[in-house]
Each structure stands twice: as C-alpha cells, then as structure tokens.
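Understanding the architecture of this molecule
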Amino acid sequence: MDALRILITRRWPVEVERAMAAQFDVVLNEGDKPLSQADLAAAMGEFDVLCPTVSDRIDADVIGGGDRVKLIANYGVGFDHIDLAAAKAKGIAVTNTPGVLTDATADIAMTLLLMAARRAGEGERELRAGQWSGWRPTHLVGSALKGKVLGCVGFGRIAQATARRAHHGFGMKVAYYARRPADEAVAQELQAEFTPDLINLLGKADFVSLHVPGGAETASMIDAAAIAAMKPGSYLINTARGGVVDHAALAAALRSGHLAGAGLDVYPAEPQVPAELLDIENVVLLPHLGSANSETRIAMGMCAMANVEEFAKGAELPNPVT
Ligand code: DGY
C-alpha cells in the first residue's frame, strides 16, 4: 500500500518532521508562512491527512474543498479553529494532543501571574527605556501571592497544574468554577474550594485564571458584567483562548483601576492583538507561548504522529475529539 500523503501546515520541530517523513509521504511548509484558506481547501482533495495548528482556520469552506482527507490530526490540544460538525458530516476524524502540554501551559499561566503581580513588564520597559532612576521604597510596588485566592475558571488538567504550582509553590488558596466538583483526591491535595457559580468565584478571587476551551459556548464568558463582578484590585490571567474575554471591557477595567493588572497569552484573532491593550501599562502581553518549550513542542508532534500511525493501521485513534 502507498504511504499516506500528509500535509503539515507549519514547521514542526525537526525531530518530528524527520520521524513523519520516515514513514509517510509528507509535504512540509518549508517557509512556515501560514497557508491561505484556498490552499487549505485545495489540500482537502490532495492529501489523506491534514496536520494543522491553531494558526489555521479549518472552517466548513475548507473542509468542503475536497474529499480525500480522512483525518485532521491537529498539532495542539485546543480545536476551536476546526469546524467539528463539518468534519463529522464528511466522515473526517479529528484528533488533538492532550496531556503533553499541561505543564508548559501551567508554567506560562504562573509566568503571567507573577509578571502581572510584580509588575515585571512595566519594570523591564522602564529600564530599557533608560527611565530607571534607582531603588526607592515606593517604586513599582506590586502584590504578594501568599494567602491570596487563585480562582480558576474551568478545572481541567492545565487549571489543576496551575493551581498546584500556585498552592504548593506560592502558598495561594485555590477556588474553582466548573460544571462539577473535582476528584476528591485533587480537591484535598489543593484544598480547592468548588464554586459552582461563576460570579461568586469572580467576587472572591484575587487572581482569576481562565482554563476553559474556546468556541461558541465560552465566547465572551468574561464580559463587562463578569469583569465588574471581579474583586476590585484583582488580576485576570488568560492562557485559554482569546474569545473567552471581552477585551474592550478588560481595557476599560484596567484603565479605571478596577483591575490591578492582567496577563494574556491568547487573543481572539491572532496574530492581531486588541489595539486598546497596547498602550496600557498594567497588562502583560505574550505571543501565545503556552506550549513553547522544546520538550513540549516535540511531544506535541509525537502525539500528533501517534494518531496518524494508528489511523494508517486502521486502529482506534488515541486522541479523537469527535
Ligand atoms: C493548544 O495546544 O491549544 C495551544 O494553545 C496551541 O494551539
């Protein structure tokens, strides 16, 4: 049987590209430029497997572009950029890479939390601009973490890993909003308080960290009313998806001082960053770095490849999302 013909839409770590090319008929995107919607649609008729990332919009038009692709093996855990209903209607399986990026993303959530709390971005900008006039007791004073409440919105793997770091590493208390309580062992370990009402959680958290999937169900979940319900002087951290937050309302709350700060890694229409945030000092803005360490990016590629390998054998897929 001929090897599966596979399109990898962006550069992957070279170890994984080589491992893929050793087994399959792989086309790489050497220049790493995002493919157009027309290129992605055409690929649906030219390849057996499409391996996209969060930077590709695999909508119904793309999926309708051809009949050859039978597996979309996403490089990444989030899949709100893929129209699952359209894929299902055409009998196309969709897989993702859960588990392997949990620690890396929790590390970035803590990075943002620390940077926002300790005003690290402001300090670095000031120093590089030659504006630092020296140590003084009132200079760039931030917030302590010990004893403060981390409120997780969503309490899946990444939220729990973030809470673990915050609780055991920094002495924070943990509360969470989720559809159902966490396993007893996890709740005990983190002394995490289940808060089934979102507004309630927002009112008691000193730091709110978002960990819900993107998509229609969570669009603008943190809107003007939710932000108004946040504790005065609290912080918002988002490593989930940009569409979860109303950024105009967030900008207004940062400017008014209702929120002390925010740390964001994700945006609704990446790589665009909501313009109203760019000149606000008390927001830390990272370019979607959640999973960006070498070990994790290799593990994500290996996980996507494992799904392709099982698909090639006609076996059960390890990480189906449909
Ligand atoms: C993920 O895996 O969902 C990351 O956000 C990158 O897509």
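Refer to the preceding data block for the structure.
Because the structure is a prediction, the values reported are computed rather than measured.

Focus: the nonpolar core
V153, L210, I222, L236 and L250 are the most contacted members of the largest nonpolar core, which totals 31 residues. Looking at this core, the elements with two or more residues in it are β6 (149–153), α9 (198–204), β9 (207–210), α10 (224–229), α11 (247–256) and β11 (259–264). Leaving out residues up to four positions away in the same chain, L210 has contacts with V153, I222, L236, I237, N238, T239, A240, V244 and V245. By size, the runner-up hydrophobic cluster in this structure holds 26 residues, among which are M110, L113, Y235 and L286.

Describing the pattern of salt bridges
Here the structure, examined in full by the defined rule, presents 19 salt bridges. The partner of R11 in a salt bridge is E17, and the shortest N-O contact between them spans 2.6 Å. We classify R11 as partly exposed; its relative accessible area is 35%. The class for E17 is buried, based on a relative accessible area of 4%. Each of R11, E17 and E30 takes part in salt bridges that share partners, so that together they form one network.

A few points about unusual backbone geometry
Residues E270 and P271 are joined by a peptide bond in cis, for which omega reads 5°. Relative to the elements of secondary structure, P271 occurs in the loop between β11 and β12 (283–285). Its identity as a non-glycine residue notwithstanding, S220 has a phi of 50°, on the positive side. The class for S220 is partly exposed, based on a relative accessible area of 35%. Not every positive phi belongs to a glycine, and H288 is a case in point at roughly 45°.

Here's the deal with helix α12 (residues 294–313)
Taking 1.5 Å per residue as the helical rise, α12 with its 20 residues ought to reach 28 Å, and the 29 Å between its terminal C-alpha atoms agrees with that figure. Buried residues of α12: T296, M300, G301, C303, A304, M305, N307, V308 and E310, and no others. Count one or two residues on from α12 and you reach G314, which has phi positive near 75°.

Overview of the site of the ligand
In the neighbourhood of the ligand, the contacting residues comprise V54, G76, V77, G78, L101, R241 and H288. Contact between the ligand and V77: an oxygen atom at 2.7 Å from a main-chain N or O atom of the residue. Interatomic distance of 2.8 Å between a backbone N/O atom of G78 and an oxygen atom of the ligand. For the ligand, whose unbound accessible area comes to 230 Å², protein coverage reaches 88%. Each residue belonging to the shell around the ligand can be placed in one class, and the counts come to three nonpolar, three polar and one charged.

Thresholds, definitions, all that
- Residues numbered from 1 in each chain as written.
- Predicted model: local features only at pLDDT ≥ 70, side-chain atom pairs only at ≥ 80, totals over all residues.
- Heavy atoms only, no water.
- Core = buried A, V, L, I, M, F, W, Y, C linked by side-chain atoms within 4.5 Å.
- Buried < 20%, exposed > 50% of the residue type's maximum accessible area, 1.4 Å probe, protein only.
- Helix = DSSP H or I, 4+ residues; strand = E, 2+ residues; numbered from the N terminus.
- Contact = heavy atoms within 4.5 Å.
- Salt bridge = Lys/Arg side-chain N within 4 Å of Asp/Glu carboxyl O.
- Expected span 1.5 Å × (residues − 1).
- Near = heavy atom within 4 Å.
- Polar contact = N/O pair within 3.5 Å; in protein donor to acceptor, adjacent residues only side chain to side chain.
- Areas by Shrake-Rupley, 256 points an atom, 1.4 Å probe, with all protein chains shown as cover.
- Nonpolar A, V, L, I, M, F, W, Y, C, P; charged D, E, K, R; others polar.

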